[in-house]
Amino acid sequence: MNIHTYEKTWLAVAMVLIVGFIATITYGAVGPGIAMIDDDGGTIDPDTINDDERFSDPGVTHVGGNEYEAAVVAQAWAYTPSEITVPANSTVTFYVTSRDVTHSYTVAGTNVNTMVVPGQVSEMTVEFDEPGEYGILCNEYCGAYHHTMEGKLNVVPEDEFDLTELSTEAPDEAQLGNQTTINTTVSNDMNYDLETTATLEIGNQTVEQDQTVEQDQTVEQDVTVPAHGSETLEFAVDTTDFGTGDHDWTVTVDGHEGSGTLTVTNATEGGDGDA
Amino acid sequence: MRISKGGLLVIMAFLTPLIVELRTVLSWFGIRLSVVETGALGLALIVAVLIWAMWPSNGDTEAKLA
Amino acid sequence: MAMRNAYIDQFPEEARVIRAALWSSFLALMIGGTLGLIQGLHRTNVLRFIPSQDYYTVLTAHGVLLVITFTIFFLVGIFTWAVTTSLDRGVKDIRFTWGWYAMMSLGTLLVGVSILGGVVDQIPMNADVLYTFYSPFQAHPAFYVGFVLFVVGTWLAGFDWFRTWWAWKKDNPDERIPLPTFMALTTMLFWYLSSIGVAISILAFLLPWSLGIIDSVNPLLTRTLFWFFGHPVVYFWLMPAYMLWYTMLPKLSGGKLFSDPLARVVFVLFLILSTPVGIHHQYLDPGIAEGFKFIAMTNTMFLLLPSLLTAFTVVASMEHGARQRGGEGYLSWLKALPWRDPAFTGMALAGLMFAAGGFSGMINAGLSINYLVHNSWWVVGHFHLTVGTAVALTFMAASYWFIPQLTGKEIWNRSLGLVQVVLWFIGMTFMSNAMHRAGLFGIPRRTAEPQYEGFSFDPAVGTVAEIDAQVALGAALLTLSVYLFITNMVLTTIGGSTSDAIPDNTYAGTLSGPEDSPAIIDNLKLWTSIAVVLVIIAYSLPLASIIDAGGLFGPGIDPWKPSVVVDPSLVLESVRGVMP
């Protein structure tokens, strides 16, 4: 075959370019270790997502050291959870699946990006070095309101990060002289036990734990929340000396707060309230 | 004319990507142009090309003399 | 009377079919281009006069009309010209030729009406599934039936060209295949091979599913079958443009094709490598092992070779043409090219933009950097340079040569034609540059309102508003260019008078002819066999593992009909409802 010399040179340069591209990409995979999304996440029947161990309670959990897992369920047109918070200097493995159509899970302006295909679980491991705030968006058309599907990613300084959650449950109202209870549930998704102090404050005074709380008092209670578990604390409140009216209360655990207002009524007025 | 009208039109068109990308390239050197400045620079380039194209070349002058 | 020897004089019957195909193509271009302007203005929030839900109907129509209807109708017209001209014989039976044209038209009509149902309440159909129709989105059955009719129409068109070639071969047993026919046939061979993917996806899964015969599909499987077809289809659009660059551009430049053998090698490489690359669209898909993605990446990179060879040959041919016209010097020969000819200038500018599109394509093909750009506006910028310019601008430019050939009439206004192709180049510069840059800082594609509540985008240079303005300006110039083109074509066809000055129907000669290449290059059976083997290597294991993991019909995937339009706040309520 008759090929012009210039064309032979061009052919050689083209081959060098192509082989060079393949070499740099291969280096990217084996050197810095940029792995592709693959089939490691496995498959899932979208109808069983609520029963799935990982996706029934989606969100961030601690695996150990600086490693975390984040489970996210995508569906038209929202992510659950919509906001993800992780610490800086962490390695987070995302598991994302879809309840309905194909979505993506994309951290805008970064290389954190995966398709989310129903029936499949996308597994993606990301290293977060610096604190920052990022938008999460869906970049695959998923129906009429596709453009409203978004989320948020917060990378916070390590010392500001925990996986403690607090929820409180208390009656809004009590009759003067009766005893009532403020229940506080503390959950911990770290891979180690959380030892901390729970504090209830009503008004501006402090009283030890296990004592009945009276007016303007704060109660402290030591608590150990097991790894990936939760504890429920009961604060008994005696309203005898409270006086009628509204009393604000705050439960503080490990820097997280839950608060409410207890309205103390007269015995007779209370009757009206119940009616 | 140093160049055909068609050729001139194509050169002016080709200036568009150069001007648009010049702004990006300059930003790497810390020179940040606004849209108006970029437009003015582009206009200046176009005028320069027009003057170059319209300026009678030696060949043309001789042709006219002949 | 002067002896005119235009295509219409040689093949009047075929010229009628080609005219019909080209006009179908132009109509799709006009509608699709107009929809593109609506999108450009809507996304950038410059002008929003449709509800954002309808944006996706418009986007579906824009995609289907431009990348399927516009390109492929033009292709069948040009390939019919190429085969009949280079074999110097008409098609075997013109009724068969009209038959495949009618089938493609009927398919287009069905697809078009089903998409239109997304915005017209009187049409009880919906196909807001975009050009990729990923399940579990479920379109109206008419959408799938129309798509199948259209593709089968192209298969029959290919058969038409093959049997014309077989008849010619009987009469010319020792001749090499003429280059334009060689190009059409090799293109059709990989088209047959790759469109099997979409045929299986529709006929075995999506159509029976939309008719209620099966309950569930495997979204990853139908998606993979789509991309089995979805990347080769881009070469299907591109090959007629390449054919025009090889066979027309050297002639329009005033010279000859640099090398016939390498042109053949290029088309053989496309035949072999077009299909086993589709997984590069699925780099970020779960359920496909990394090794398969690596194979697709390697094949994709080797596909750069035929395009790089084309760049050389096209530029070398142009330089040869320029020197024949008296051009001199290292670069001054450029001045000697026929820049006043819209056919030449349009194709040259299209080739130049394709180089830029090729570079962004190399980025897309990079396995690891794809994470950054995947499904971003960058990708839209990329394919508006490739299919949107390399292909579309070449087709429009070529029409300035072809329409006179097919009608016997002079172009109504050639200067306007020159302005039109240059305007396309300028408009696309603005639009695709902004799209590429926007993709780098995360603005997504396929989104009606890329303005989010919880965050904003952070460009490295300039502002998002400037990017948006640049896109809107580009879209407006491009649409203006389309209308100038259509106006010129309409006035040429209905207003122009028949001219005897139409040039003869010929294509470029060659500096180095087919005799310089071994005969094995023309062995289509051999290259097809190699293509099949490569496809089996690239696809059998991924498909097997997808079916093995997710089942042939998926793990209980419910169809999602996009017609169910509801208030997003209600949907958020339902989201909370299903979450434990």
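Refer to the structure presented above.
Now for a look at the structure at hand.

Basis of the calculations
Residues numbered from 1 in each chain as written. Chains lettered and ligands numbered in written order. Predicted model: local features only at pLDDT ≥ 70, side-chain atom pairs only at ≥ 80, totals over all residues. Heavy atoms only, no water. Salt bridge = Lys/Arg side-chain N within 4 Å of Asp/Glu carboxyl O. Helix = DSSP H or I, 4+ residues; strand = E, 2+ residues; numbered from the N terminus. Buried < 20%, exposed > 50% of the residue type's maximum accessible area, 1.4 Å probe, protein only. Contact = heavy atoms within 4.5 Å. Expected span 1.5 Å × (residues − 1). Bend = angle between axes of the 7 residues up to and from the residue. Polar contact = N/O pair within 3.5 Å; in protein donor to acceptor, adjacent residues only side chain to side chain. Buried area = accessible area lost by both parts, 1.4 Å probe. Nonpolar A, V, L, I, M, F, W, Y, C, P; charged D, E, K, R; others polar.

## Some words on the pattern of salt bridges
Going through the model one piece at a time under the given rule, you end up with 14 salt bridges over all chains. The partner of C:Arg446 in a salt bridge is A:Glu140, with the nearest N and O atoms 3.0 Å apart. Of this pair, C:Arg446 sits in the loop between helix H16 (414–440) and helix H17 (464–495) while A:Glu140 sits in the loop between strand E9 (132–137) and strand E10 (150–156), on two different chains. With its nearest N and O atoms 2.7 Å apart, the salt bridge here joins C:Asp260 to C:Arg264. Residue C:Asp260 and its partner C:Arg264 are both found in helix H10 (residues 260–273); the two are separated by four residues, about one turn of the helix. A single network of salt bridges, built from pairs that share partners, joins C:Arg176, C:Asp260, C:Arg264 and C:Asp522.

## Regarding the environment of C:Met489
All names here are of chain C. Secondary-structure assignment places methionine 489 in helix H17. Take methionine 489: its relative accessible area is 0%, and that puts it in the buried class. Considered as a pair, methionine 489 and phenylalanine 26 are 463 residues apart in the sequence and their alpha carbons are 8.9 Å apart. Sequence-distant contacts of methionine 489, defined by excluding residues within four places in its chain, comprise Trp23, Phe26, Ser399, Tyr400, Ile403 and Ile411.

## Considerations on the environment of C:Arg16
Residue and element names in this part refer to chain C. Among the secondary structure elements, arginine 16 is positioned in helix H2 (residues 12–43). Owing to a relative accessible area of 44%, arginine 16 belongs among the partly exposed residues under this scheme. Taking C-alpha positions, arginine 16 is 7.6 Å from leucine 406, a pair spaced 390 residues apart along the chain.

## Quick notes on helix H6 (residues 179–210) of chain C
All names here are of chain C. Compared with an ideal rise of 1.5 Å per residue, which puts 32 residues at 46 Å, H6 spans 43 Å between its outermost C-alpha atoms and is within 8% of the ideal. The sharpest bend along H6 comes to roughly 40°, located at isoleucine 202. Among the 32 residues that make up H6, 27 are buried, leaving the element largely enclosed by the rest of the structure. Phi for glycine 212, located one or two positions after H6, is positive at around 80°.

## Here we look at the side chain of C:Ser216
All names here are of chain C. Here serine 216 shows up in the loop between H6 and helix H7 (219–230). Reaching out from serine 216, the side chain makes a polar contact with the backbone oxygen of phenylalanine 553 at a distance of 2.6 Å. Polar side-chain contacts of serine 216 include one of 2.9 Å to the backbone nitrogen of isoleucine 557. Excluding its chain neighbours within four sequence positions, the residues that come into contact with serine 216 are Trp209, Phe553, Gly554, Gly556 and Ile557.

## With respect to the interface of chain C and chain B
The figure often quoted for interface size is the accessible area lost as the parts come together. Taken together, the contact between chain C and chain B spans 19 residues of the former and 17 residues of the latter. Interface area, chain C with chain B, both sides summed: about 1500 Å², of which 73% is carbon and sulfur. If you sort the residues of chain C by the area they bury against chain B, C:Lys335, C:Trp339 and C:Val461 come out on top, with a joint share of 27%. Taken together, the connections running from chain C to chain B amount to one salt bridge. Of all the elements in the fold, those that place two or more residues in the side of chain C that touches chain B are helix H13 (342–365), H16 and H17 of chain C. It is H16(C) that contributes the most residues to the side of chain C that touches chain B, eight residues altogether. Class assignment for the residues of the side of chain C that touches chain B results in 10 nonpolar, five polar and four charged.

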